[in-house]
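Summary of the model geometry
Residues per chain are reported as follows:
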Amino acid sequence: MSSSPSTDESGALLGPADIRELAAALGVRPTKQRGQNFVIDANTVRRIVRTAGVRPDDVVVEVGPGLGSLTLALLEAADRVTAVEIDDVLAAALPSTIAARLPGRADRFALVHSDALHVRELPGPPPTALVANLPYNVAVPVLLHMLERFPSIERTLVMVQAEVADRLAAPPGSKVYGVPSVKAAWYAEVKRAGAIGRNVFWPAPNVDSGLVSLVRRAEPIATTATREEVFAVVDAAFAQRRKTLRAALAGWAGSAAAAEAALVAAGISPQARGESLTVDEFVAIAEHKAG
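Now for a look at the structure at hand. Quick caveat, the model's predicted, so the values are computed rather than measured.

1. Examining helix α2 (residues 42-52)
Here α2 has its buried residues at A42, T44, V45, I48, V49 and A52. For α2, the angular spread of the buried residues around the axis is 165 degrees, confining them to a single face. At its buried positions, α2 is contacted by β1 (38-39), α3 (69-77), β5 (129-133), β6 (155-161), β7 (188-196) and β9 (209-216). Of the residues flanking the end of α2, it is G53, one or two places downstream, whose phi is positive at about 65 degrees.

In structure tokens:
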């Protein structure tokens, strides 16, 4: 294992030369299919850990650790880290990278070789934080799945495509407010937490990246409707963005008249559009569906 100079004072984190050397040794070329862009800058991963507010008692879950850039930084700061990796070669190599570079923390690392969308349980104590450089093509589904599946996750910081970051953190009435915005708000208080340049990745992506912070609601939204029922309203409302809710929710309610009745009962104008509603208003509509 090379100890090529990097921007890391501790020597444990990976620099550009380390990343390329590791990748070459493994015969790894980042693939577009899996949205892989490896972070090659130690200062960036340190910044992510700092922005995430990782504490010494945190149990962190990371999705898509790749060659381990962020994993090592998380392991230095947290109590333990569980990484979920779908790629066979990367999953096989990561434990030895951890053992070589942070031998004193290797027993606090666990690897789950799986598609994050299929993960139902994690080894060890329940995770308290999710910190990840999410593959661009599955960022939103993975994020929502992890928040739904692991209610113990209190704080999340994800790096995603800038456009996706904007969408997740968008308030009602914003041009980019949509399904991801509402579903993320169901779980957490969401905000943009910074921008990341293209030059800290290998290969450099042709889009900018952004950090999104999600702090889980202290209490879940109080409602008689289930999450599935609320999300069904959200999906229907945004499936036809330019339509009024009376028209957009006709299929969901059974008819335009039934949709109107649910909207009026929820105190929402049938002429309103989905992009103007808060998550609580979508909850109210779900609660007033007839039948």
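2. What about the sheet that holds strand β2 (residues 59-63)?
Within a beta sheet, neighbouring strands are joined by backbone hydrogen bonds and run either parallel or antiparallel to one another. With mixed pairing, the seven strands of this open sheet are ordered in space as β4-β3-β2-β5-β6-β9-β7. The outermost strands of the open sheet, each flanked by one partner alone, are β4 (109-113) and β7. Adjacent strand axes in the sheet meet at a mean angle of 20 degrees, parallel and antiparallel pairs treated alike. Across eight bridges, the pairing between β7 and β9 is antiparallel. Counted as the bridge partner of R192 is V212 from β9. Running at roughly 170 degrees to β6, helix α5 (residues 139-149) makes contact with β2, β5, β6 and β9 of the sheet.

3. A few points about the packing of aromatic side chains
Any aromatic ring pair is given by two values, namely how distant the centres are and how the planes are angled relative to each other. In total, this model carries five aromatic pairs according to the counting rule given. On the basis of an interplanar angle of 85 degrees and a centroid distance of 6.3 Å, the ring pair of Y187 and F231 is categorised as edge-to-face. Here the residue Y187 occupies a position in helix α7 (residues 179-187), and F231 occupies one in helix α8 (residues 227-239), the gap between them amounting to 44 residues. Look at Y187 and you get buried, because its relative accessible area is 7%.

4. Some details on the packing of α2 against α3
Axis separation between α2 and α3 bottoms out at 9 Å; the angle between their running directions is 45 degrees. Here α3 runs oblique to α2, going by the angle between their axes. In the packing of α2 onto α3, the handedness of the crossing is right-handed. Contacts between α2 and α3 pair V45, I48 and V49 from the former with S69, L70, A73, L74 and A77 from the latter. Residues belonging to the contact of α2 with α3 are distributed by class as follows: seven nonpolar, one polar and no charged.

5. Things to note about the side chain of S69
Among the secondary structure elements, S69 is positioned in helix α3. Discounting residues that sit within four places of it in the chain, S69 has contacts with L14, I19, V39 and V45.

The rules behind the values
- Residue numbers restart at each chain and count upward from 1, following the sequence in its written direction.
- Reporting of local features is limited, given that this is a predicted model, to residues whose pLDDT is at least 70; pairs of side-chain atoms are given and counted only at 80 or more, and all residues count toward the totals for whole chains, interfaces and linings.
- Only hydrogens and water are removed before side-chain values are computed, so all heavy atoms of the structure are retained for them.
- Exposure categories follow from relative accessible area, calculated using a 1.4 Å probe and restricted to protein chains: below 20% of the type maximum is buried, above 50% is exposed, and the middle band is partly exposed.
- Each helix corresponds to a stretch of at least 4 residues labelled H or I by DSSP, and each strand to a stretch of at least 2 residues labelled E; elements are numbered beginning at the N terminus.
- In this context, the arc is that of the directions from the helix axis out to the C-beta atoms.
- For this analysis, residues touch if any pair of their heavy atoms sits within 4.5 Å.
- Being paired, for any two strands, means DSSP has found at least two bridges between them.
- Here an axis means a line fitted to C-alpha atoms, over the contact stretch when the element is a helix, while the angle between two N-to-C directions is reported on a 0 to 180 degree scale.
- Note on aromatic contacts: the rings of Phe and Tyr and the six-membered ring of Trp form a pair at centre separations within 6.5 Å, being stacked when their planes are under 30 degrees apart, edge-to-face when over 60 apart, and tilted otherwise.
- Roughly parallel here means an angle under 35 degrees, roughly antiparallel means over 145, roughly perpendicular means 65 to 115, and every remaining angle is called oblique.
- Note: crossing handedness is left-handed where the near helix turns anticlockwise from the far helix by less than a right angle, and right-handed where it turns clockwise.
- Ten residues, namely Ala, Val, Leu, Ile, Met, Phe, Trp, Tyr, Cys and Pro, are considered nonpolar, four, namely Asp, Glu, Lys and Arg, are considered charged, and the remaining ones, Gly among them, are considered polar.

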